[in-house]
Amino acid sequence: MRITQGTFSFLPDLSDAQITKQIDYCLAKGWAVGLEYTDDPHPRNTYWEMFGNPMFDVHDAAGVMMELASCRKTFPSHYIRVTAFDSTHGTESVVMSFIVNRPKVEPGFRLTRTEGAGRTMRYSIESYAVARQPEGERY
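This section reports on the structure supplied with the text. Because the structure is predicted, anything quoted here is derived from the model rather than measured.

Definitions and cut-offs
Residues numbered from 1 in each chain as written. Predicted model: local features only at pLDDT ≥ 70, side-chain atom pairs only at ≥ 80, totals over all residues. Heavy atoms only, no water. Helix = DSSP H or I, 4+ residues; strand = E, 2+ residues; numbered from the N terminus. Buried < 20%, exposed > 50% of the residue type's maximum accessible area, 1.4 Å probe, protein only. Contact = heavy atoms within 4.5 Å. Polar contact = N/O pair within 3.5 Å; in protein donor to acceptor, adjacent residues only side chain to side chain. Expected span 1.5 Å × (residues − 1). Arc of directions from axis to C-beta. Pairing = 2+ DSSP bridges. Axes fitted to C-alpha atoms, helices over the stretch in contact; angles between N-to-C directions.

## Comments concerning the environment of Arg 102
Thought 1: Along the polypeptide, Arg 102 turns up in the loop between strand 4 (93-101) and strand 5 (109-115).
Thought 2: For Arg 102, a relative accessible area of 13% puts it in the buried group.
Thought 3: In sequence terms Arg 102 and Arg 2 are 100 residues apart; their C-alpha atoms lie 9.1 Å from each other.
Thought 4: Discounting chain neighbours no more than four positions away, the residues touching Arg 102 are Arg 2, Ile 3, Ser 9, Asp 13, Pro 76, His 78 and Tyr 79.
Thought 5: Engagement of the side chain of Arg 102 in a polar contact is seen with the side chain of Asp 13, the distance being 3.1 Å.

Okay, here's the thing in structure tokens:
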């Protein structure tokens, strides 16, 4: 199962040259770039772990790409995404994010059905990545 979150998620994985072009675009807009990683890409898990601080003072894609290489080396089997933050007054939020690293095997999700009173059915999504525990023994 291929996780589809963020910009470009339905396209084939971006090459490093394509990632560099997207980072150049973000920096040209004056957006701060940050790197985040996780092994649990549940759709409601919007807060991934940050790899270092957001790069508010970086103005060259090469600096971000060096951090990305370090992040990939540290977390080779995690999802890694680039986020771009627009800090201008009135926006002040993430305006772009895209996945730049995926594990070799993407565990996917399962749909769980819970029956309630009467004929009520509730559905939830559970990540197979979480079912295997570790990473701080989960929640």
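## Observations regarding helix 2 (residues 61-74)
Thought 1: Compared with the 20 Å implied by 1.5 Å per residue over 14 residues, the 20 Å span of helix 2 between its first and last C-alpha is a close match.
Thought 2: Of the residues making up helix 2, those classed as buried are Ala 61, Val 64, Met 65, Leu 68 and Cys 71. The buried residues of helix 2 all sit within an arc of 115 degrees when viewed along its axis, so they share a single face. With respect to the buried face of helix 2, the exposed residues turned more than 90 degrees away are Met 66 and Lys 73.
Thought 3: The secondary structure elements touched by the buried residues of helix 2 are helix 1 (16-28), strand 1 (32-38), strand 3 (79-86) and strand 4.

## Some details on helix 1
Thought 1: Counted at 1.5 Å a residue, the expected span for helix 1 with its 13 residues is 18 Å, and the 18 Å between its end C-alpha atoms agrees.
Thought 2: Those residues of helix 1 that fall on the buried side of the exposure criterion are Ile 19, Ile 23, Cys 26 and Leu 27. Down the axis of helix 1, the buried set is contained in an arc of 95 degrees. They therefore lie on one face. Opposite the buried face of helix 1, by more than 90 degrees, sit the exposed residues Ala 17, Lys 21 and Ala 28.
Thought 3: Where helix 1 is buried, its residues contact strand 1, helix 2, strand 3 and strand 4.
Thought 4: Just downstream of helix 1, Gly 30 is the residue with a positive phi angle, here 85 degrees.

## Section: unusual backbone geometry
Thought 1: Although it is not a glycine, Phe 8 adopts a positive phi angle of roughly 70 degrees.
Thought 2: Secondary-structure assignment places Phe 8 in the segment before helix 1.
Thought 3: You can call Phe 8 partly exposed: its relative accessible area is 25%.

## A few points about the sheet that holds strand 3
Picture the strands of a sheet paired through backbone hydrogen bonds; they go either parallel or antiparallel.
Thought 1: What the four strands build is an open sheet, ordered 2-1-3-4; its pairing is antiparallel. On the outer flanks of this sheet lie strand 2 (49-50) and strand 4, each paired with one strand and no other.
Thought 2: By the bridge criterion, seven bridges tie strand 3 to strand 4 in an arrangement that is antiparallel. The residue bridging Thr 83 from the neighbouring strand is Ser 97, located in strand 4.
Thought 3: The strands that helix 1 touches are strand 1, strand 3 and strand 4; relative to strand 4, the one it contacts most, it runs at about 170 degrees.
Thought 4: Helix 2 contacts strand 1, strand 3 and strand 4 of the sheet and is inclined by roughly 10 degrees relative to strand 1.

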